[in-house]
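# Structural overview
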Amino acid sequence: MQHTIAHGPTFTTLEFTCQTGEAVVAQPGAMLAMTPGFDLAARAGAQMRGGGGLRRAFRSLAVGESFFAAIYTARRDGQQLMLAPEQMGDIRTLEIGEANHYLIAPGAFLACTSGVQLSAVYAGVK
């Protein structure tokens, strides 16, 4: 899977080129355009870990993220997907691994590859 960040810094888009079987997990409503060779699924609590379904829903609402996720899976090689955030601004790539975890602000998550584990954590009222 390849990705490109384009049209920045104000109206930035995230563009993926996917091969057969590769998947992108995105915030609902983030898709601007895609080629027709994707299967689309909407799942409650997709890629979230910890707690039951209702608990996940409350936690997602508390931290400002959607409880649902859109899963785009390529049915054939060379499929393209273009995403954009709800708010104008720049997009940054974060390399995730066992040694580097990130805490991000509410509403900052746009998309990830299917192997990334997301966890919503309520930081309290400020």
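Residues numbered from 1 in each chain as written. Predicted model: local features only at pLDDT ≥ 70, side-chain atom pairs only at ≥ 80, totals over all residues. Heavy atoms only, no water.

### Some words on the overall build of the protein
The number of helices and strands found in the protein is one helix and eight strands. Sequence-ordered secondary structure for the protein, helices as α and strands as β, is β-β-β-β-β-α-β-β-β. Taken across its 126 residues, the protein has 31% of its residues classed as buried. Sequence separation of at least 24 residues holds for 76% of the intrachain contacts in the protein that already meet a minimum separation of 6. Accessible surface, the protein: about 8,000 Å² in total, of which carbon and sulfur atoms supply 56%. (Helix = DSSP H or I, 4+ residues; strand = E, 2+ residues; numbered from the N terminus. Buried < 20%, exposed > 50% of the residue type's maximum accessible area, 1.4 Å probe, protein only. Contact = heavy atoms within 4.5 Å. Areas by Shrake-Rupley, 256 points an atom, 1.4 Å probe, with all protein chains shown as cover.)

### Here's the deal with the sheet that holds strand S1 (residues 2–6)
Strand-to-strand pairing in sheets goes through backbone hydrogen bonds, with the strands running parallel or antiparallel. Read from one edge of the open sheet, four strands run S1-S2-S7-S4, paired in antiparallel fashion. Only two strands of the sheet have a single partner each, and these edge strands are S1 and strand S4 (31–34). Strand-to-strand twist across the sheet, computed as the mean angle between neighbouring axes with direction ignored, equals 20 degrees. (Pairing = 2+ DSSP bridges. Axes fitted to C-alpha atoms, helices over the stretch in contact; angles between N-to-C directions.)

### Considerations on the sheet that holds strand S3 (residues 23–26)
Spatial strand order, S5-S6-S3-S8: four strands in an open sheet with antiparallel pairing. The open sheet has two free edges, formed respectively by strand S5 (38–44) and strand S8 (111–113), since each of these has just one partner strand. Here the strands of the sheet are splayed against their neighbours by 25 degrees on average, with no regard to which way each runs. Here S5 pairs with strand S6 (residues 68–74) via seven bridges, running antiparallel. Note that in S6 the partner of Ala-44 across the bridge is Phe-68.

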